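Residues per chain, in single letters:
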Amino acid sequence: MERIVGGTNADIKDFSHQVVVIVICIVTPSTRLQLSLEVMFMHSCGASVISDTFALTAAHCIYGMPRTPPWFIRLRAGSTSGFLGIGGVMHAIDYVEPHSNFNKTTTDFDIGLIKERALFTPWTLHSVDIPVVDRSACNHNYSAHGAKISERMICAGGTGDGKDSCQGDSGGPLISQDRQLIGVVSWGYGCARAGFPGIYTNVAHPDIRRFIREAAGV
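Residues numbered from 1 in each chain as written. Predicted model: local features only at pLDDT ≥ 70, side-chain atom pairs only at ≥ 80, totals over all residues. Heavy atoms only, no water.

### A few points about the side chain of D108
Argument step 1. By secondary structure assignment, the location of D108 is in the loop between β7 (93–98) and β8 (112–116).
Argument step 2. The contacts of D108, once residues within four sequence positions are left out, are N101, F102, N103, S150, R152 and M153. (Helix = DSSP H or I, 4+ residues; strand = E, 2+ residues; numbered from the N terminus. Contact = heavy atoms within 4.5 Å.)

### Some thoughts on the nonpolar core
The nonpolar side chains of soluble globular proteins are, as a tendency, buried together.
Argument step 1. The biggest cluster of nonpolar side chains holds 27 residues, and the ones touching the most others in it are L56, I111, L113, I114 and V203.
Argument step 2. Elements with a minimum of two residues in this core: β3 (42–49), β4 (54–57), α1 (59–62), β5 (73–77), β7, β8, β13 (181–187) and α3 (206–216).
Argument step 3. Counting residues per element, this core draws most heavily on α3, at 5 residues.
Argument step 4. If we ignore the near neighbours within four places in the chain, the residues touching I111 are L56, T57, A58, A59, P98, H99, V184, T201, V203, I208 and F211. (Core = buried A, V, L, I, M, F, W, Y, C linked by side-chain atoms within 4.5 Å. Buried < 20%, exposed > 50% of the residue type's maximum accessible area, 1.4 Å probe, protein only.)

### Regarding the sheet that holds strand β10 (residues 132–133)
Argument step 1. Strand order in the open sheet formed by 5 strands is β10-β11-β14-β13-β12, with antiparallel pairing between adjacent strands. Edge positions in the sheet fall to β10 and β12 (173–175), since each of these pairs with one other strand and no more.
Argument step 2. The sheet contact formed by strand β11 (residues 153–156) and strand β14 (residues 198–202) spans 4 bridges and is antiparallel. When the bridges of β14 are listed, A156 appears paired with G198.
Argument step 3. Where helix α2 (residues 135–143) meets the sheet, its contacts fall on β10, β11, β13 and β14, and the angle it forms with β14 comes to roughly 130 degrees. (Pairing = 2+ DSSP bridges. Axes fitted to C-alpha atoms, helices over the stretch in contact; angles between N-to-C directions.)

### Some thoughts on the state of the cysteines
Argument step 1. Evaluated as defined, the whole model comprises 3 disulfides.
Argument step 2. There is a disulfide in this structure between C45 and C61, and the S-S distance comes to 2.2 Å. An S-S torsion of about -90 degrees defines the bridge between C45 and C61 as left-handed. Of the two residues, C45 is situated in strand β3 and C61 in helix α1; the sequence distance between them amounts to 16 residues. (Disulfide = S-S within 2.5 Å.)

### Describing α3
Argument step 1. Taken residue by residue, α3 has I208, F211, I212, A215 and A216 as its buried positions. Looking down the long axis of α3, one finds its buried residues gathered within 95 degrees of arc, a one-sided arrangement.
Argument step 2. In this structure, the buried residues of α3 make contact with β4, β7, β8 and β14.
Argument step 3. Phi turns positive, to about 70 degrees, at G217, one or two residues after α3. (Arc of directions from axis to C-beta.)

### A closer look at the packing of aromatic side chains
Argument step 1. What the rule picks out here adds up to 5 aromatic pairs.
Argument step 2. With centroids separated by 6.3 Å and ring planes inclined at 70 degrees, the aromatic side chains of F54 and Y95 adopt a geometry described as edge-to-face. Remark: Y95 occurs in strand β7 and F54 occurs in strand β4; sequence separation between them is 41 residues. Both residues of the pair, F54 and Y95, count as buried.
Argument step 3. An aromatic cluster of three or more residues is present, and its members are Y142, W187, Y189 and F196.
Argument step 4. The ring centre of Y95 lies 4.0 Å from the NZ or CZ of R67, which sits over that ring.
Argument step 5. Directly above the ring of F54 sits K115, whose terminal nitrogen or CZ lies 5.9 Å from the centroid. (Phe/Tyr/Trp six-rings, centres within 6.5 Å; stacked < 30°, edge-to-face > 60°. Lys NZ or Arg CZ within 6 Å of the ring centre and 35° of its normal.)

Laid out in structure tokens, this is it:
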């Protein structure tokens, strides 16, 4: 499983939003989780802390889950090896809530909330510095592949310098230079491909902001 491309080690004190969504074992033919079969705790997606008990993630990370997830869906925090599924503290989840307008074909409205029962603690992660890219230019390149970049999406990276988010980073935070959460890792065409920025859910868009405010009170 791939993750941050071209990044460096970072201290969670600089990125206090970050937690990890963990899924283990048990994938049956009837499951709608669309996650890999695992034999022990393994990282699935990232999430961004937005309050003491709410985390923000990509809707595609939790789409198809029951609102109250089964026991094998957990949040892990406080681990320096979160990707490996070891260390830190596991938190039980009260419920998950993807945006009701999430479209798994276009990946629009790719935002969701995870409500859990305890305070989050930090862990060490990878970070990468990437520029935000003009949406119209980004849409021009992606439209050639039949994709559309909506106003609820932010484009970042794609400059050909080998830096990008990648598979395994979904749901993680895009943070501005002044340490504000501005996006959530959503999708992209490959990883670190020149001309094809990573796509992030725009948390400042009124549709997305309204969902967060009404569902989490934040």
